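Spelled out from the first residue to the last, the chains are:
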Amino acid sequence: MKNIMAAFLFLAFYQTGISQNYIPTLKNNTELNYVCKLHGQTRTLSLIAQTAGDALTFKLETRGVKSSIVMLSEAVKNGNALSFNQGEYASVLNLKPTETFFMISRSAYQDLVKNNSFVYNNTTYVLDKNEDKNGVSIDGKLIDALHVIAEIDETEMWIVKNPEYPLICKIAKNPLGINFTLVKVTDK
């Protein structure tokens, strides 16, 4: 009887742990809210997703700056560079066919899953297989993410386990001084 009760308790706690993981998805009008640390300053940033085929546009708003950041379908599929543009210079910014914004490309995600690494901005990021204690939580739910560390510096990224839209939910120790954390996801 003790073994049955112990097994029941284990399964109950295991299921509770599993159900706490969260995988954000993108649809039209999904709003992503981030807290950004930019060169020592803290600001909030809102991105509203607009999907059209394989292209993706984020309507960015932060401290009075409003801009639409447009990722081409080839970038969403095969991009290899992350844009850190903050939207100040154009109301519509069309990224290069190699650039993504707040996410990595689908092919980079597949490389990460298959090879435990990927290359972005000429930097190799390697999957950290150690248990991650600094992940990202939203409303008490841990985001199911892959934690990677750059080979050449200490940059860390947490990438949502979503092969369709592998969002970056956190960047830390970025030598550019641009770090951010996803704090809220709202589907409208």
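Residues numbered from 1 in each chain as written. Predicted model: local features only at pLDDT ≥ 70, side-chain atom pairs only at ≥ 80, totals over all residues. Heavy atoms only, no water.

1. Focus: the sheet that holds strand E12 (residues 145-150)
Link 1 in the chain: The strand order E6-E4-E3-E2-E1-E15-E14-E13-E12-E9-E8 describes an open sheet built from eleven strands, whose pairing is mixed. Looking at which strands have only one partner, the edges of the open sheet turn out to be strand E6 (92-94) and strand E8 (117-120). Between one strand axis and the next, the sheet turns by 25 degrees as a mean value, whatever way the strands run.
Link 2 in the chain: Direction of pairing for strand E1 (residues 30-38) relative to strand E15 (residues 178-187): antiparallel, over a ladder of nine bridges. By the bridge assignment for E15, Val35 is matched with Thr181.
Link 3 in the chain: Relative to the sheet, helix H3 (residues 106-115) contacts E8, strand E9 (123-127), E12 and strand E13 (156-160), its axis offset from that of E8 by approximately 150 degrees. (Pairing = 2+ DSSP bridges. Helix = DSSP H or I, 4+ residues; strand = E, 2+ residues; numbered from the N terminus. Axes fitted to C-alpha atoms, helices over the stretch in contact; angles between N-to-C directions. Contact = heavy atoms within 4.5 Å.)

2. Let's talk about the side chain of Glu156
Link 1 in the chain: Residue position: Glu156 is located in strand E13.
Link 2 in the chain: Setting aside its immediate chain neighbours within four residues, Glu156 contacts His147, Val148, Ile149, Lys170, Ile171, Ala172 and Lys173.

3. Topic: H3
Link 1 in the chain: For H3, the set of buried residues is Arg106, Ala108, Tyr109 and Leu112. Angular distribution of buried residues about the axis of H3 spans 165 degrees; they occupy a single face of the element.
Link 2 in the chain: On its buried side, H3 packs onto helix H2 (73-78), E8, E9, E12 and E13.
Link 3 in the chain: Of the residues flanking the end of H3, it is Asn116, one or two places downstream, whose phi is positive at about 65 degrees. (Buried < 20%, exposed > 50% of the residue type's maximum accessible area, 1.4 Å probe, protein only. Arc of directions from axis to C-beta.)

4. Topic: the packing of aromatic side chains
Link 1 in the chain: What the rule picks out here adds up to seven aromatic pairs.
Link 2 in the chain: Relative to Phe180, the ring of Tyr34 lies with its centre 5.3 Å away and its plane at 90 degrees, an arrangement referred to as edge-to-face. Taken as a pair, Tyr34 in strand E1 and Phe180 in strand E15 lie far apart in primary sequence, 146 residues in all.
Link 3 in the chain: On the basis of an interplanar angle of 50 degrees and a centroid distance of 6.5 Å, the ring pair of Phe58 and Phe101 is categorised as tilted. On the criterion of sequence distance, the pair formed by Phe58 in strand E3 (residues 55-62) and Phe101 in the loop between strand E7 (99-100) and H3 is long-range, its members being 43 residues apart.
Link 4 in the chain: When the ring centre of Tyr165 is taken as origin, the NZ or CZ atom of Arg106, which lies over that ring, is 5.3 Å away.
Link 5 in the chain: Positioned above the aromatic ring of Trp158 is the side chain of Lys170, whose terminal nitrogen or guanidinium carbon lies 4.5 Å from the ring centre. (Phe/Tyr/Trp six-rings, centres within 6.5 Å; stacked < 30°, edge-to-face > 60°. Lys NZ or Arg CZ within 6 Å of the ring centre and 35° of its normal.)

5. Structural notes on the environment of Phe118
Link 1 in the chain: Its location among the elements puts Phe118 in strand E8.
Link 2 in the chain: In sequence terms Phe118 and Val148 are 30 residues apart; their C-alpha atoms lie 9.3 Å from each other.
Link 3 in the chain: Look past the residues within four positions of Phe118 in its chain and what remains in contact with it is Ile104, Ala108, Asp111, Leu112, Thr123, Thr124, Tyr125, Val148, Met157 and Ile159.

6. Regarding the environment of Ala52
Link 1 in the chain: Here Ala52 shows up in strand E2 (residues 41-52).
Link 2 in the chain: Of the residues examined, Ala52 reaches a relative accessible area of 54% and is grouped as exposed.
Link 3 in the chain: When the C-alpha positions of Ala52 and Ser73 are compared, they lie 8.9 Å apart, and in sequence the two are 21 residues distant.

7. Some details on the pattern of salt bridges
Link 1 in the chain: Within this structure, the stated rule accounts for six salt bridges.
Link 2 in the chain: In this structure, Asp54 and Lys77 form a salt bridge, with 3.3 Å as the shortest nitrogen-oxygen distance. A residue pair is termed long-range when its members are at least 10 positions apart, and Asp54 in the loop between E2 and E3 and Lys77 in helix H2 qualify at 23 residues.
Link 3 in the chain: For Asp54, a relative accessible area of 27% gives the class partly exposed.
Link 4 in the chain: Taking the relative accessible area as the measure of exposure, Lys77 reaches 35% and is therefore partly exposed. (Salt bridge = Lys/Arg side-chain N within 4 Å of Asp/Glu carboxyl O.)

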